[in-house]
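# Inside the fold
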Amino acid sequence: MRTLRLMRQSIIALGRYPMRSFLVMLGVIVGIAALTVVVSMAKATNRKVMKRINNFGPTTIMLFAGGGKNLPGVDPSVVTLTLEDAKAVESQIRGVTLICPMVIRMRVPVIYRDQSTEATLQAGEVNFQEAWDWYITDGDFFDEQDYSSMARVAVIGQTIARTLFQGTNPVGETIRIANANFKVKGILSPKGTAPAGGDMDDRIIVPLTTAMRRMFNVTSLSSVRIRMSNPKQVQQAAAEIRALMRERHQIQPPDLDDFRVITPDVIAGIGEMISSTLNKVLLAVTALSLIVSGIVLMNLMLLSVSDRRREIGLRRALGGRRRDILLQFLFESVALTSMGGLIGLVLGIISAVVVGKASANATMLSWEPLALAIALSLIVGLFFGLAPARRASNMPPVEALR
Amino acid sequence: MLKLVEITKSYGTGAVQTSVLRDVTFKAEKGEFVAIMGASGTGKTTLMNILGCLDLPTSGKYFLDGVDVFSNNDNAISAIRNQKIGFVFQQFHLLERASALDNVLLPLIYAEKYPTDAVERGTNGLRAVGLADRILYQPNQLSGGQQQRVALARALVTNPALILADEPTGNLDRRSGLEIMAILQKLNREGRTVVLITHDRDIAEHANRILILRDGRIFDEASSHTVRDAQTELDALPAVAAPDEPSVKRGNS
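Residues numbered from 1 in each chain as written. Chains lettered and ligands numbered in written order. Predicted model: local features only at pLDDT ≥ 70, side-chain atom pairs only at ≥ 80, totals over all residues. Heavy atoms only, no water.

### Some words on the confidence of the model for chain B
All names here are of chain B.
- Per-residue pLDDT for chain B averages 89, and the proportion of residues at 70 or more is 94%.
- Contacts for the low-pLDDT stretch residues 247-253, under 50 throughout, to residues beyond four places or in other chains number eleven contacts.
- As scored by the predictor, the complex reaches a pTM of 0.70 and an ipTM of 0.90. (pLDDT = per-residue confidence, 0-100. Contact = heavy atoms within 4.5 Å.)

See the structure below:
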């Protein structure tokens, strides 16, 4: 094919000017390398957010007692959220598949023989496992019998098991939770970090009835976990829940909510600003170096065109059409920028790995930088290579051969 | 074969017009060897550019191998150059840092269809001009005479109807120049049409017919001269050890 033959001519021509070729590539190399790092970091952030949403549950809505803007800590002094509220949500909001009302206490002392630690106590209903998508690995979860009899039984997280039992089997053992004996019924599977940060495996789960009546003697809840059948219903349901709660708690404007409705969207927003400054700096480096390299490319190619006047004239004399000359010089530009892009991509991947290892900014390799590198280097080559290529192709053969 | 009809070429506009060519009209039949002779400033280069379809005349017509050249667009004229004309320039115009073979194959890049036997054709062409052992040499590893022979092989690779040689011996010593002329004469005897442009009477007399260009007008001398034979002249030159060795050190290829 004529085009392929012209491409070959371009590559051969580039070999004749190695220094120039390298200078043009340099800018593209820097630009694409910076871009690759940015995209890798953005990907990592994105994955972190996705993981957080999945951890939280994409069909989950959390209703917390107490107002305010921040992610909820647990404040036992807020007593406005009740079991009746939870029941109302279950019966009046469409699409709710289950609710799990909970009482939560932080930093509850737990003792087993001579080992002690602090746990997050989470009292829930029998449907806790489904509500949290969080299942036991060992022993049993508490059942209806335990629930209705307000039994002193507990299911413990991995961190608690490890800290208190140090390798021995906790199931069936008795631990002291807030100065009362509880029998360990089961152990939860590892869950990792909570959406708001913090270890989720330091939890102890007890029946809600036990917590409300036997341990703390309260009638109010800390939170209600609500599951929808479909992630698309979440936003609508969250608005309805809010309206329902305001009505039930008789809150009129301008009074603020005495509860918080947390959806996966809210969770996703946390920490998204992390490393965005670095991203901006690197993006600026990318844009700047690509523009600079484009301008360098254009000037060096213009220089090349006037240096190679006679070659152009010769090619025209031997039958090269204007288009053939245009294509040859465009190919030269594009070949340079794509080579620079590829080298930059390799350097960028290496840098991303190094940055990921050596700093707090996580990076993640993916196909996007590859696609971006190819696209951007082609665009720079085509855009800035066009003027020199046009000049070459418009050179009259007679002038060129003189 | 080729026919120029009242070709005029002027430069400048309005009052300050300079005519370089005035009503140039002549014909060359297929298989002819025509020299166009003229001192510098007589419009030789301009005529050569028009014959080579590199420049457009101000007026007049040019028929080459049955085609009215200047009634075509730029692309078609490029194709005419590619298919019908083999150029030989005074300055050789070879691509540096490209092998003799790659230089010879250059016109084929712009051919409608790249021949499958291109390399073979190029190799044969170089063999025909006595450079079989220099196929992969680059121009700077070749003497002037050898470079011009590469250019000749390049001119022939598309099998053109017309060989257009512009002062082909201008940059060469006498022996190398005669070698080029001998090849041109041989090609002409094989039936190719050759148009030679020169200021040098001795060179022009190798052609069967000489046209004189004077003040932009053409005068046909018909065939009043004795045609020189380059090979005979070469044989008459005192023997030299290795006439074609370039002075530069030659790399291995």
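Once the structure has been displayed, the description carries forward.
### Examining the sheet that holds strand β6 (residues 85-88) of chain B
Residue and element names in this part refer to chain B.
- The strand order across the open sheet built from six strands is β6-β7-β8-β3-β9-β10, with neighbouring strands paired in mixed fashion. Single-partner strands in this sheet number two, and they are β6 and β10 (217-220). The sheet shows a mean angle of 20° between the axes of neighbouring strands, taken without regard to direction.
- The sheet contact formed by strand β9 (residues 209-214) and β10 spans four bridges and is antiparallel. By the bridge assignment for β10, Leu213 is matched with Ile218.
- Running over the sheet, helix α5 (residues 144-156) touches β6 and β7 (162-166) and is turned about 170° from β6. (Pairing = 2+ DSSP bridges. Helix = DSSP H or I, 4+ residues; strand = E, 2+ residues; numbered from the N terminus. Axes fitted to C-alpha atoms, helices over the stretch in contact; angles between N-to-C directions.)

### Brief notes about the pattern of salt bridges
All names here are of chain B.
- One pass over the full model with this rule turns up 29 salt bridges over all chains.
- A salt bridge links Arg189 to Asp229; the nearest nitrogen and oxygen atoms lie 3.9 Å apart. With a gap of 40 residues between them, Arg189 in helix α6 (residues 174-189) and Asp229 in the loop between β10 and α8 (230-236) connect regions that are remote in the sequence.
- Residue classification places Arg189 among the exposed positions, given a relative accessible area of 59%. (Salt bridge = Lys/Arg side-chain N within 4 Å of Asp/Glu carboxyl O. Buried < 20%, exposed > 50% of the residue type's maximum accessible area, 1.4 Å probe, protein only.)

### Things to note about the pairing of β6 of chain B
Residue and element names in this part refer to chain B.
- Here β6 shows two buried faces, one formed by Ile85 and Phe87 and the other by Gly86 and Val88.
- By the bridge criterion, four bridges tie β6 to β7 in an arrangement that is parallel. Looking across to β7, one finds that Ile85 is bridged to Leu162.

### Thoughts on the pairing of strand β3 (residues 33-37) of chain B
Residue and element names in this part refer to chain B.
- Across the five residues that make up β3, a large majority, five, are buried.
- Burial of the side chains of β3 extends over both faces: Phe33, Ala35 and Met37 are buried on one face and Val34 and Ile36 on the other.
- Bridge analysis of β3 against strand β8 (residues 193-198) gives five bridges, and the strand direction is parallel. By the bridge assignment, Phe33 is partnered in β8 with Val194.
- Looking at chain direction, β3 and β9 are connected through four bridges and run parallel. The partner of Ala35 across the bridge, within β9, is Ile210.

### Some details on helix α2 (residues 18-56) of chain A
Residues and elements named next belong to chain A.
- Between its first and last C-alpha, α2 extends 56 Å over 39 residues, near the 57 Å set by a 1.5 Å rise per residue.
- Bending of α2 peaks at approximately 25° at the position of Met25.
- Positive phi appears at Gly57, one or two residues downstream of α2, with a value of about 105°. (Expected span 1.5 Å × (residues − 1). Bend = angle between axes of the 7 residues up to and from the residue.)

### What to know about unusual backbone geometry
- Residues Pro253 of chain A and Pro254 of chain A are joined by a peptide bond in cis, for which omega reads 5°.
- For Pro254 of chain A, the location among the structural elements is in the loop between α8 (234-248) and β10 (259-262).
- Residues other than glycine seldom take positive phi values, yet Asp133 of chain A does so here, at roughly 50°.
- Note that Asp133 of chain A resides in the loop between α4 (128-132) and β4 (136-139).
- Asp133 of chain A sits in the partly exposed class, given a relative accessible area of 46%.
- Located in the positive-phi region is Cys53 of chain B, a residue other than glycine, with phi close to 60°.
- Within the fold, Cys53 of chain B resides in the loop between α1 (44-51) and β4 (59-64).

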